[in-house]
Amino acid sequence: MFSASTYQERRKKIASSVENGFVLIMGNEESPKNYHDNVYNFRQDSNFLYCCGIDKPGLHLGIDLNSGLSTLYGAEITIDHIVWMGEQPSLRELADQAGIDQVGSPKDLVKKLRETAVDLVHFLPPYRSLNANKLKEWLQLSELQPSNELIKSVIACRSYKEEQEFVEMEKALELTREMHHYVRDHAKPGMKESELSGVVAGLAQTQGGDLAYPVILTVNGQILHNHYHGNILKSGQLILGDFGCESAMRYAADITRTWPVDDSLTSQQKAIYQIVGDAHTAAVNALAPGRAYRDIHLLSSLVIANGLTELGLMKGDPAEAVKAGAHALFFPHGLGHMIGLDVHDMEDLGEDLVGYNDEIKRSEQFGLRSLRLGRKLETGMALTVEPGIYFIPQLMDQWETEGKHKDFINYADCKAFRNFSGIRLEDNYAITEKGSRLLGPVISK
Ligand SMILES: [Mn+2]
């Protein structure tokens, strides 16, 4: 945990932008896997972690905006808990670690909520049905109305990382480097993907944290969120690994590397790898406060369109192709997203509220619409840069049949790439006053 004063300051800042009433930040419960007592690895709510750092289930935080007092709500430990789980800190001890003024029982919380006018209870959008159902019962509502004031206040705080948060992220990145280098050093023909993904998942747990998101480790990198690990690696294939761990304090790392199953890339693979690398470098060089991330995404897209035009897979004016969205056949996702306590930071609060604003709105164009972060960058933000090139046979077939962007795509020449799969390279950056800095150690490419 950080110091108690860290959490006190954060809570004060969050509460200061909410006018009146009672702020409720719900912690998470254990979540059953196949029966009640057999649970998934516990993951605390990130907003709760941000406000008080306590990584235990069954707790909620309340802030009374009139008195300014904070309360940690939860059940006291009984002898039954101690028999099964050993000695546990008391509610009061937990509250002290986070500088919380007072403690209360779950009943006290319900009482407090019922005596507060419903529209003065400020809560965040619950993403777990258990918490949503609890809220509905406590507030005696069938529809929940999360507080826009509170959502905006939390985003305004969590978007700018403290130096100690960067330190945590860099711990996660150190271990994530080991995970990626393991794949680089051990992938060979005849191996099953799961032999690598299993070790990667185990490594993620070696320093008190866990995976930050499910491992992508696949010879089918063109399938963007591919969690299947049953393929046998074959000579000539590429293996795309998109995985990272959380530090013990739950700060995420999100790194992608693409390696040849053999010792080196084929000339076809090299050509595409070079373009992705160039798109990555161009994006990183453009990172700076005041620059809209949407424009950096488009810059990266232009590098991809230029490269693919030189290779003969695209044709016409690359800038016009990017404007029309033709390059998205090969780069259908966004350049990156914010990262922090969540791998897609604060996505529970609303993707558009986090990544866009009145000045820059999300596009509806295929490809660009998948960009999670479009707004102007500011000092203190942490984000990912992750361009990629993919050959998705079904999408190429569909576009060709429809004659889509036929002035920009050489469909005939794309046939030689049907079994290519995909390449993505991803690193994490902090935005600084002068531009940006790579978070964590260099991870070989
Ligand atoms: Mn990512």
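Residue indices follow the written sequence of each chain, beginning from 1 at its first position. With pLDDT at 70 or above as the cut-off, local features in this predicted model cover only qualifying residues; side-chain atom pairs require 80 or more to be listed or tallied, and sums for whole chains, interfaces and linings still use all residues.

Student: When you look at the sheet that holds strand β6 (residues 102-104) in this model, what are you seeing that I'm missing?
Tutor: The strands that make up a sheet are held in pairs by hydrogen bonds between backbone atoms, and each pair lies either parallel or antiparallel. Pairing between strands requires that DSSP locate at least two bridges from one strand to the other. The helix count covers DSSP runs of H or I at least four residues long, the strand count covers runs of E at least two residues long, and both are numbered beginning at the N terminus. Strand order in this open sheet of five strands is β6-β5-β4-β1-β7, and the pairing throughout is mixed. In this open sheet, the two strands that pair with only one neighbour each are β6 and β7 (121-123). Strand-to-strand, the axes of this sheet are offset by a mean angle of 25°, without reference to chain direction. Pairing between strand β5 (residues 70-73) and β6: three bridges, direction parallel. Directly across from Thr71, in β6, lies its bridge partner Gln102. In this description, a line fitted to the C-alpha atoms serves as the axis of each element, helices being fitted only across the stretch in contact, and the angle between N-to-C directions of two axes falls anywhere from 0 to 180 degrees.

Student: Explain the domain arrangement of the protein here, please?
Tutor: Where the parts come together, the accessible area they lose is often given as the size of the interface. For every domain, the bounds stem from an assignment made automatically or drawn from a database. With domains assigned, the protein is organised as domain 1 (4-158) and domain 2 (163-438). For domain 1 versus domain 2, the distance between C-alpha centres works out to 35 Å. Remark: residues whose backbone-derived C-beta atoms lie within 7 Å of one another are considered to be in contact. Counting residues at the interface gives 13 residues for domain 1 and 12 residues for domain 2. Among the elements of the structure, α2 (46-52) and α7 (148-158) are those that each provide at least two residues to the side of domain 1 that touches domain 2. Looking at the side of domain 1 that touches domain 2 element by element, the count peaks at five residues for α7. The classification used treats Ala, Val, Leu, Ile, Met, Phe, Trp, Tyr, Cys and Pro as nonpolar, Asp, Glu, Lys and Arg as charged, and all other residues, Gly among them, as polar. The residue inventory of the side of domain 1 that touches domain 2, partitioned by class, reads eight nonpolar, three polar and two charged.

Student: I'm lost on the sheet that holds strand β14 (residues 427-431) in this one. Help?
Tutor: The strand order β11-β14-β15 describes an open sheet built from three strands, whose pairing is antiparallel. Both edges of this open sheet fall to β11 (382-385) and β15 (436-438), since each of them pairs with a single strand only. Within the sheet, the average angular offset between the axes of one strand and its neighbour, ignoring direction, is 35°. In this sheet, β15 lies alongside β14 in antiparallel orientation, the contact comprising three bridges. Residue pairing across strands places Ala430 opposite Arg437, the latter belonging to β15.

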